[in-house]
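# Geometric and topological summary
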Amino acid sequence: YDFYTQALWRGTRALVLATAGQAQAAEQFAREAVAFAKETDSVNLVGDALVDLAEVLAASGRTADAMTYAKEALHHYHEKGNRVSVRRAESLARP
């Protein structure tokens, strides 16, 4: 597998499904994206997949769960020094 590509398309698909109101399918794709991302050595990819999952959960009203994953993403972004992505994750990590 090309884990990077697998994570990217699943994350994108999850966001599209969430926008279409298909929360369950969106969450499944988002969780798969996180799993694939964690198979890589890309700290940013893991953070991005976690933020996608947070956005999917937030879209379905699961704010507390979304905050948990956004905070995990923040850890990855801070580790890498990715200040731009920190801002995206911070917006989901707050109530």
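Reading guide: rules and limits
Numbering of residues starts from 1 in every chain and runs along the sequence as written. Given that the model is predicted, a residue must reach a pLDDT of at least 70 before its local features are reported, and side-chain atom pairs must reach 80 or more before they are shown or counted; all residues, however, enter totals for whole chains, interfaces and linings. To obtain the side-chain values, all non-hydrogen atoms of the structure were used and water was disregarded. We count a stretch as a helix when DSSP gives it H or I for four or more residues in a row; a strand needs E for two or more, and each element gets its number in order from the N terminus. Note on method: radius of gyration uses C-alpha positions; expected globular size equals 2.2 Å times residues raised to 0.38. Note that accessible areas follow from Shrake-Rupley with a 1.4 Å probe, and for residues the cover is restricted to the protein chains shown. Note on charges: Lys and Arg go in the positive column, Asp and Glu in the negative column, and His and the chain ends are not counted at all. To locate a charge, take atom NZ for lysine, CZ for arginine, CG for aspartate or CD for glutamate. Axis geometry follows a simple rule: fit a line to the C-alpha atoms, using only the stretch in contact for helices, then measure angles between N-to-C directions, giving values from 0 to 180 degrees. Angle categories: roughly parallel below 35 degrees, roughly antiparallel above 145, roughly perpendicular from 65 to 115, and oblique for all the rest. Left-handed is the label given to a crossing in which the near helix is rotated counterclockwise from the far helix by less than a right angle, and right-handed is the label when the rotation is clockwise. Pairs of residues are marked as contacts when any of their non-hydrogen atoms sit within 4.5 Å. Here the nonpolar group is Ala, Val, Leu, Ile, Met, Phe, Trp, Tyr, Cys and Pro; Asp, Glu, Lys and Arg are the charged ones; every other residue, Gly included, is treated as polar. Expected span of a helix, by definition, is 1.5 Å for each gap between consecutive residues, and there is one gap fewer than residues. When a residue's accessible area, from a 1.4 Å probe over protein chains only, is under 20% of the maximum for its type it is buried; when over 50% it is exposed; and in between it is partly exposed. Any pair of Phe, Tyr and Trp rings, taking the six-membered ring for Trp, is counted once the centres come within 6.5 Å. Such a pair is stacked with planes under 30 degrees apart, edge-to-face with planes over 60 apart, and tilted for the rest. Lysine and arginine charges are scored as sitting over a ring when NZ or CZ, respectively, is within 6 Å of the ring centre and within 35 degrees of the ring normal.

### Digging into the overall build of the protein
The number of helices and strands found in the protein is five helices and zero strands. Tracing the protein from N to C terminus, the helices and strands come up as α-α-α-α-α. Relative to the globule expectation of 12 Å for 95 residues, the C-alpha radius of gyration of the protein, 12 Å, shows essentially globular dimensions. Expressed as lengths along the three principal axes of its C-alpha atoms, the size of the protein is roughly 35 × 35 × 15 Å. By element, 51% of the accessible surface of the protein is carried by carbon and sulfur atoms, the whole surface being about 5400 Å². Computed over 11 positive and 12 negative side-chain charges, the inter-centroid distance for the protein is 5 Å.

### Describing the packing of helix α1 (residues 3–19) against helix α2 (residues 23–37)
At their nearest, the axes of α1 and α2 sit 8 Å apart, and the two run at 160 degrees to each other. By the angle between their directions, the pair α1 and α2 is classed as roughly antiparallel. Note on packing geometry: the crossing formed by α1 with α2 is left-handed. Note on element contacts: α2 touches α1 through A25, A26, F29, A30, E32, A33, F36 and A37, opposite F3, Q6, A7, W9, R10, G11, R13, A14, L17 and A18. A per-class count over the contact of α1 with α2 returns 13 nonpolar, two polar and three charged.

### Looking at helix α4 (residues 63–80)
The first and last C-alpha atoms of α4 sit 26 Å apart over 18 residues, in line with the 26 Å expected at 1.5 Å per residue. For α4, the full list of buried residues reads A66, M67, A70, A73, L74, H76 and Y77. On its buried face, α4 sits against α3 (43–59) and α5 (83–93).

### What about the packing of aromatic side chains?
For the coordinates displayed, the defined rule picks out two aromatic pairs. Aromatic side chains F3 and F36 sit 5.8 Å apart centroid to centroid with 40 degrees between the ring planes, which places their arrangement in the tilted category. Here F36 lies in helix α2 and F3 lies in helix α1, a separation of 33 residues in the sequence. Residue classification places F3 among the partly exposed positions, given a relative accessible area of 30%. Overall, F36 belongs to the buried group, its relative accessible area being 14%. Taking NZ or CZ as reference, R13 lies 6.0 Å from the ring centre of F29, over its face.

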